[in-house]
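Coordinate inspection notes
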Amino acid sequence: MTLNRLHLLLCAAGLTMCIGCGKESSLRSENIFIISQEDPQNEMEVLDIHYNGEKGSIYIKSNVDYTVSFQQDVHNHDKDWVTFGEKRHDAAKDCDVIDFKAKPMTGSLKRLSGVLNLSCPNTSYGRFLVVRQGYVARYGTDFNFLKFGNKDPLVPGNERAFEFWYDDQKEGNPFSTTVIEGQAHSHFYGRNGYVQLGNDQGYGADMTIPYVKDVRRDSAIVVSFNALVMPEDNDEVTLEILGGGVFDGTEDTKTTFKASQFNNESESIWDGSLKSWVISSLDLNPITPDTRIKITAGKLEKMEKNNRILIDNINVFSLPRTSYNKVLAGGEK
């Protein structure tokens, strides 16, 4: 059973925030309930954890003994994303406390989730808290369908311009790109499990992700991808919103950032290269079915210095209202 179905079944069964454990049904409303991290009087059903990682505590009041366990979603790509400490009692607040610690999300912002179960031995009563980090993807690609050249970015050769990808690769991933005047093709290249913008002759390049019609339902989205600069190249990258939406907290539709350097001290050169932004709607510039994201390496012309940028793991996530304010504190990673 998935977590969403479990949550719906609990709601359908009429469970309230004050469900607990006890022999008498009249005591159910007086037993276990969970208190939010900020306000001891504010109960919660969902714990949204920031993608940059977080430490915190959950406060619980109960008039009966109960046990605590955590159930992972079977689809989680990281099984060690969050840990919970032993239950302890806080005499000053007259409640139990469970501390938690979540790691920063470094490879992907794809949703991780689980259920914290509070249950009484030998009874059918309990309380459930949905715990989640990251977001539901509206669009995503890891470019594993590309097998051009060597997996090592420092070994050149056999990379293939977008125009010359196989038909099924282009049809399944309808990116768009610009052919610079005077050039025979674009400089948006497919490589082995990732893509490259720009070439070794000083030309930049751009790529625009496919339309994501489902974003029309969202008042805010998160865009993320890994970005690496080739050694000794310029590291300038421009991110532009087309078709509606702005970078949150601004009226801007365009921003620049620096791609990360190769991480030669880690198992993967991509470690530490994940970038992310919140995009939101304004009344005069809302997110629409035509909203798209354009990534440009350097300039669409010949430059004095190469500006080759490697891109991987592009994702567009729906940002739920319950986690909107918390996420804004994180900004770009």
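For the structure, see preceding data.
A quick note: this is a predicted structure, and the numbers were derived from the prediction, not measured. (Residues numbered from 1 in each chain as written. Predicted model: local features only at pLDDT ≥ 70, side-chain atom pairs only at ≥ 80, totals over all residues. Heavy atoms only, no water.)

This brings us to the side chain of N315. Position of N315 among the secondary structure elements: in strand 21 (residues 309-318). Here N315 falls in the buried class, since its relative accessible area comes to 12%. In this structure N315 touches A137, Y139, G140, T141, V222, V223 and S224, once residues within four positions along its chain are discounted. (Helix = DSSP H or I, 4+ residues; strand = E, 2+ residues; numbered from the N terminus. Buried < 20%, exposed > 50% of the residue type's maximum accessible area, 1.4 Å probe, protein only. Contact = heavy atoms within 4.5 Å.)

Moving on: the pairing of strand 8 (residues 112-119). Consecutive side chains of a regular strand alternate in pointing toward one face of the sheet and then the other. Within strand 8, seven of the eight residues are buried, which leaves it mostly tucked inside the rest of the structure. Relative to strand 8, strand 4 (residues 67-72) is paired through six bridges, and the arrangement is antiparallel. Bridging from a neighbouring strand, V68 pairs with L118 of strand 8. Judged from the eight bridges that link them, strand 8 and strand 9 (residues 126-133) form a sheet pairing that is antiparallel. (Pairing = 2+ DSSP bridges.)

On to the sheet that holds strand 16 (residues 236-242). Pairing within the open sheet is antiparallel, and its four strands lie in the order 14-20-16-18. Only two strands of the sheet have a single neighbouring strand rather than two, namely strand 14 (203-208) and strand 18 (254-258). On average, adjacent strands in this sheet sit at an angle of 30° to one another, irrespective of strand direction. Pairing of strand 16 with strand 18 involves five bridges; the strand directions are antiparallel. Residue pairing in the sheet places T238 in a bridge with T256 of strand 18. (Axes fitted to C-alpha atoms, helices over the stretch in contact; angles between N-to-C directions.)

Counted under the stated rule, the structure contains six salt bridges. One salt bridge in this structure joins D233 and R308, with 2.7 Å as the shortest N-O distance. Placement of D233 in the loop between strand 15 (220-229) and strand 16 and of R308 in the loop between strand 20 (292-302) and strand 21 is noted, with a sequence separation of 75 residues between them. D235 is the salt-bridge partner of K258, the closest N and O atoms lying 3.6 Å from each other. One end of the pair, K258, is in strand 18; the other, D235, is in the loop between strand 15 and strand 16, and 23 residues separate them in sequence. Looking at K258, the relative accessible area reads 57%, which means it is exposed. (Salt bridge = Lys/Arg side-chain N within 4 Å of Asp/Glu carboxyl O.)

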